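# Structural overview for review
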Amino acid sequence: MSDTHVSEYPKLGFYIDAQWITSRDRTHNVINPATGETLGELPLATTADLDQALETAERGFRAWRRTPAAARAQVLRGAAEILRQRVDVISRNATREEGKTLSEARSETLACADLFDFYAEEAKRVYGRVLVRPAGLRSLVMKEPVGPVAAFAPWNFPVANPGRKLGAPIAAGCSVILKPAEEAPASAMAVVQALIDAGCPPDVVQLVFGSPDEVSRHLLASPVIRKLSFTGSTAVGKHLLRLAAETVKLTTMELGGHAPVIIFEDCDFEKTVSTLAAAKVRNAGQVCVSPTRFYIHEGIYDRFINAFAKQIAKTRVGDGLAADIQMGPMANARRPAAISELISDAVSHGARLRIGGEAIEGRGYFWQPTLLTDVPVDSRIMNEEPFGPIVAAAPFATFDEVVEQSNRLPFGLASFAFTENARQANLIGEAIEAGMVGINTTLLGAADAPFGGVKQSGHGSEDGPEGLAACLVTKTIHQV
Ligand code: NAD
């Protein structure tokens, strides 16, 4: 087992055709968002590197699709075990690169291991059908791996996002060219290294970093790539869908959200306050399913705002590596700048800034947990995903009104409702337009549960059997 790429902050590189490439003319400076310090220089792939990755992925797919499912399962199970063995180093590096707390980074790494275990099992459960035909005739419905996948993973879950992009395709018999975010390369390297150390053939997984636009244009123009898998903003997702349309690739798109949270008068008040305060500061709000638009019943609005403000103001903010921290910095300089604009806009539209609203002085990209109340519907933050530790709250009076507000946006990723009334819970679960609904909980991710959105939050699911099905194509064979 090689420890080259799992030592404390490793020498950075990309991986093509069984080689770690650690030097190129063009590089990206990787920054620790808690300190502003440089962690390393990431070499960026050239067009020639990408061509080599494509050639390798094509070769890898030809052999991997014929590899028995039990052997593919063994690789995924082995990688899961290695991730667990290396969880300390991997999670420290994830925290250094992305800023989240160490306990969040640990849970994420262990969740990635669980996902690999789940897909090790699912790899063995790809079934076809034999259709009923007269004697002597056969019609077979076959499921086959789609082919080499180009996968683009963002920085907010630096371990789990690459894991999601790799687990299902590898189980299905596909090869993958993965381009994670340049902001958090060591985490993705560790996931790839775990697979290689578990015996994954080196032509099945290629890892590249580069200029995102250049890499996506180059890979998606190639007929070698049969599927695009992307997690990120809706704007970038639409651009990539257009590129993929040229060669009619299969797509799985996990795009932006703007999760409504409906807090009914009959919720378990204290539990709702504490659940939402903890969920909001998770990864400093940089989570696609983060609760963002709080619609609170007018009967408990003031009481809820007061209790929530008190709770969220107690959040311990600091370097995620330090003990007892509940929220780290924002992941990069773009986020505080974007949040600051959204807050000014909301206040200029008449919202009240109840707590927070400013960067925390000192080094790093720290931001105060922020609560805006009475936020008008036409302010930007009620319409654009904030992706930060910020809540936009407004009161509601009736069920129909809150459903209309919740479903008003073109997004439909996650949504949440808090009520102790079972009938109300059933009705709201059905009325909400979203890929995922949490009722009295904010926990939506699990290896066996499909994860994905509707409307402009994307299409297709990751995780669960649906994630594997999304890497397969159907072939019908009629035989006389
Ligand atoms: P961005 O839109 O520039 O980038 C989002 C992600 O897409 C990044 O990982 C980036 O590397 C990648 N990307 C950008 N351009 C690309 C291209 N042409 N080809 C391939 N990949 C490309 O925004 P950002 O500043 O990094 O993040 C901010 C916004 O992105 C957030 O407001 C949020 O909406 C969205 N985002 C969503 C998720 C998610 O889990 N769905 C994760 C991260 C970011």
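Now for a description of the structure that goes with this document. (Residues numbered from 1 in each chain as written. Predicted model: local features only at pLDDT ≥ 70, side-chain atom pairs only at ≥ 80, totals over all residues. Heavy atoms only, no water.)

## Observations regarding the packing of aromatic side chains
- Summed over all chains, the structure comprises eight aromatic pairs.
- Ring geometry for Phe 269 versus Phe 304: centroids 5.9 Å apart, planes at 80°, classification edge-to-face. Taken as a pair, Phe 269 in helix 9 (residues 269–281) and Phe 304 in helix 10 (residues 301–313) lie far apart in primary sequence, 35 residues in all. Across this residue pair, the class does not change: Phe 269 and Phe 304 are buried.
- Both rings, one in Phe 304 and one in Phe 308, keep their centres 5.8 Å apart while their planes meet at 10°; by these two values the pair is stacked. Taken together, the residues Phe 304 and Phe 308, both in helix 10 and four residues apart, mark about one turn of the helix. As far as the burial class goes, Phe 304 and Phe 308 line up, both buried.
- Put simply, the rings of Phe 269, Phe 294, Phe 304 and Phe 308 touch in pairs and so form one group of aromatic residues. (Phe/Tyr/Trp six-rings, centres within 6.5 Å; stacked < 30°, edge-to-face > 60°. Helix = DSSP H or I, 4+ residues; strand = E, 2+ residues; numbered from the N terminus. Buried < 20%, exposed > 50% of the residue type's maximum accessible area, 1.4 Å probe, protein only.)

## Overview of the nonpolar core
- Grouped together as the largest cluster of nonpolar side chains are 80 residues, with contacts concentrated most on Phe 116, Leu 166, Leu 195 and Leu 207.
- Sort the elements by how many residues they give to this core and helix 6 (residues 185–197) lands first, with nine residues.
- Residues Ala 160, Phe 304, Phe 418 and Leu 444 belong to the second largest nonpolar core, which totals 36 residues. (Core = buried A, V, L, I, M, F, W, Y, C linked by side-chain atoms within 4.5 Å.)

## Regarding the sheet that holds strand 6 (residues 138–145)
- The three strands lie next to each other as 5-6-22, forming an open sheet whose pairing is antiparallel. Strand pairing shows two members of the sheet lacking a second neighbour, strand 5 (129–130) and strand 22 (472–479), which therefore form its edges.
- Where strand 6 lies against strand 22, eight bridges are found, and the strand directions are antiparallel. Bridging from a neighbouring strand, Arg 138 pairs with Gln 479 of strand 22. (Pairing = 2+ DSSP bridges.)

## Some thoughts on helix 6
- Helix length check: helix 6, at 13 residues, gives a terminal C-alpha distance of 18 Å against a target of 18 Å (1.5 Å per residue), a fit within 8%.
- Most of helix 6 sits inside the fold, with twelve of its 13 residues counted as buried.
- The complete set of buried residues in helix 6 reads Pro 185, Ala 186, Ser 187, Ala 188, Met 189, Ala 190, Val 191, Val 192, Gln 193, Ala 194, Leu 195 and Ile 196.
- The positive-phi residue at the C-terminal boundary of helix 6 is Gly 199, with phi of around 100°. (Expected span 1.5 Å × (residues − 1).)

## Details of the site of the ligand
- Not every one of the 22 residues close to the ligand is listed here, only the nearest: Trp 155, Ser 216, Ser 233, Arg 334 and Glu 385.
- Here a nitrogen atom of the ligand sits 2.8 Å away from a polar atom, N or O, in the side chain of Ser 216.
- Here Glu 385 contributes a side-chain N or O atom positioned 2.4 Å from an oxygen atom of the ligand.
- In isolation the ligand has 790 Å² of accessible area, and contact with the protein removes 85% of it.
- Mapped by element, the contributors of at least two residues to the shell around the ligand are helix 7 (212–221), strand 10 (227–231), helix 8 (234–245) and helix 11 (334–348). (Near = heavy atom within 4 Å. Polar contact = N/O pair within 3.5 Å; in protein donor to acceptor, adjacent residues only side chain to side chain. Areas by Shrake-Rupley, 256 points an atom, 1.4 Å probe, with all protein chains shown as cover.)

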